[in-house]
Amino acid sequence: MTGQSVDVPIEHVLRDLTPQVLGAVVRRFRDFAAAEDAVQEASLAAALHWPREGPPENPRAWLTQVAFRRMADHIRSESARRRRESELAQEAAYAPESTVIETVPEKDDTLVLLFMCCHPALTPPSAIALTLRAVGGLTTAEIAHAFLVPESTMAQRISRAKQSIKNSGIPFQLPTTEEQAQRLRAVLHVLYLIFNEGYTSSVGPELRRSDLTQEALRLTRIVHNLQPGDTEAAGLLALMLLTDARRRARTSAAGELIPLAQQDRALWDKQQIAEGVALLSATLPKGSVGPYQLQAAIAAVHDEAARADDTDWPQILALYDLLRRMSDNPMVGLNHAIAAAMVHGPTKGLELLDALKADVRLADHHRLDAVRAHLLELAGDHKGAVMHYRVAAGKTGSLPERNYLLTQAARLSSELGPMNEQE
């Protein structure tokens with residue numbers, strides 16, 4: 001990756017390049033934890049120097065060389081402390097203290113890094129968390145949000161995963177076809193979470209992070225090409241295409257969130273929808289239908305409706321019924337409750353929500369209150385809806401979501417009037 005435009009924000013360039021640089025450093029020095037520290041230091045150096053001096057002609061090579069030097073410093077320090085020289089330190093000692101950027105291989109090691117993080121030496125939760133950190137570029141807080149666990153728990157999980165990789169001596173190379181198949185489920189789940197965080201960011205001023213969604217799409221395409229016969233890899237790619245197709249209609253010119261039912265469907269990416277539907281249509285007849293294919297089918301039903309009122313909610317409800325049997329993800333339960341409300345009325349949806357209250361994974365998640373507020377509004381309980389819209393707004397770290405929820409609460413409050421709201 002060379003010749004980055006000066007119009008691209010530096011933080012976006014760094015996020016795009018970090019997995020590639022990390023892969024190059026891990027390949028050379030074989031120390032995952034130290035390599036990640038070195039790449040973070042290189043990114044910090046770039047954030048300090050590039051605004052003043054301008055971005056280099058080859059940002060990736062610049063970052064890689066700086067990370068190499070940080071690794072050389074680390075190895076020298078460790079060697080001095082232990083009073084011995086390692087073979088790796090001797091190799092790294094060549095690095096000159098100059099501004100000349102050496103030739104860095106252009107090979108993109110992101111896919112190798114992805115499969116390495118999903119090695120069977122790690123537990124599935126640890127593998128997924130580490131990959132989101134190293135490949136997806138998510139912060140520990142964002143990963144914790146995606147897993148519905150405390151940040152401290154996630155930090156410990158990632159730390160243990162790095163140590164496990166170091167202790168196991170995992171080689172940095174693309175696994176065999178058989179090994180790829182063994183790790184595929186964890187890889188797909190990682191890509192799914194990266195895409196979700198990009199599509200609706202859990203924190204910050206922007207609803208969407210295109211760098212994450214595009215990287216998830218790119219990697220999923222590669223994985224699908226590596227495993228063309230895997231129906232779930234195809235299903236995940238179709239799901240991403242069909243979901244991301246709505247990106248231009250999800251926010252107003254001011255960045256305000258626009259819910260699905262109110263979106264201008266003329267803005268949806270018709271070519272992307274056609275690609276996703278074609279991929280799904282070719283995959284479903286092969287049998288062995290999994291969760292990603294079902295979610296893609298649900299997305300296709302939404303995308304193929306010319307108007308919100310044309311949405312085939314009974315079909316969506318039937319698909320969610322199937323999906324619930326395959327997954328214990330509480331978010332599936334929330335979406336199932338919405339579909340049930342659209343088919344059988346809001347009272348039925350609220351009954352289903354009550355069954356989810358005991359799930360600790362949802363206790364502090366804003367979507368439970370947001371969905372309840374929406375269904376209460378449909379049921380005519382505007383006072384209850386206002387309360388839950390406000391509670392939901394207080395739980396989300398996404399500014400566009402918070403603003404949307406507070407706007408809904410304000411709209412209903414104005415309709416109630418001050419006396420009714422205080423009753």
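Just so it is clear, the structure is predicted and the values come from calculations on it, not from any experiment. (Residues numbered from 1 in each chain as written. Predicted model: local features only at pLDDT ≥ 70, side-chain atom pairs only at ≥ 80, totals over all residues. Heavy atoms only, no water.)

A. Fine view of the nonpolar core. Val25, Phe32, Leu63, Leu132 and Leu353 are the most contacted members of the largest nonpolar core, which has 124 residues in total. Sorting elements by how many residues they give to this core places helix α9 (residues 177–199) first, with eleven residues. Look past the residues within four positions of Val25 in its chain and what remains in contact with it is Arg30, Ala35, Val39, Ala67, Phe68 and Met71. (Core = buried A, V, L, I, M, F, W, Y, C linked by side-chain atoms within 4.5 Å. Buried < 20%, exposed > 50% of the residue type's maximum accessible area, 1.4 Å probe, protein only. Helix = DSSP H or I, 4+ residues; strand = E, 2+ residues; numbered from the N terminus. Contact = heavy atoms within 4.5 Å.)

B. View of helix α6 (residues 124–134). Here α6 lies mainly inside the structure; eight of its eleven residues are buried. Those residues of α6 lying buried are Ser126, Ala127, Ile128, Ala129, Leu130, Thr131, Leu132 and Ala134. Where α6 is buried, its residues contact α1 (10–29), α2 (32–53), α5 (110–117), α7 (140–147), α8 (151–168) and α9.

C. A nonpolar patch on the surface, seen in detail. On the surface, a nonpolar cluster with roughly 220 Å² of combined accessible area is contributed by Leu284, Val289 and Met326. In this structure, Met326 sits in helix α14 (residues 313–326). (Patch = residues over 30% accessible without salt bridge, like charges linked within 9 Å, V, L, I, M, F, W, Y side chains within 5 Å. Areas by Shrake-Rupley, 256 points an atom, 1.4 Å probe, with all protein chains shown as cover. Salt bridge = Lys/Arg side-chain N within 4 Å of Asp/Glu carboxyl O.)

D. How the structure looks around the confidence of the model for the protein. Averaged over every residue, the pLDDT of the protein is 85; residues scoring 70 or more account for 89%. Counting interchain partners and residues more than four positions distant, the pLDDT-below-50 stretch residues 1–6 has 16 contacts. Overall, residues 92–103 carries pLDDT values under 50, and its contacts beyond four positions in sequence, including any with other chains, amount to 20 contacts. (pLDDT = per-residue confidence, 0-100.)

E. A look at helix α17 (residues 366–379). Compared with the 20 Å implied by 1.5 Å per residue over 14 residues, the 20 Å span of α17 between its first and last C-alpha is a close match. Within α17, ten of the 14 residues are buried, which leaves the element mostly enclosed by the surrounding structure. Where α17 is buried, its residues touch α15 (330–344), α16 (346–354), α18 (382–395) and α19 (399–416). The positive-phi residue at the C-terminal boundary of α17 is Gly380, with phi of around 95°. (Expected span 1.5 Å × (residues − 1).)

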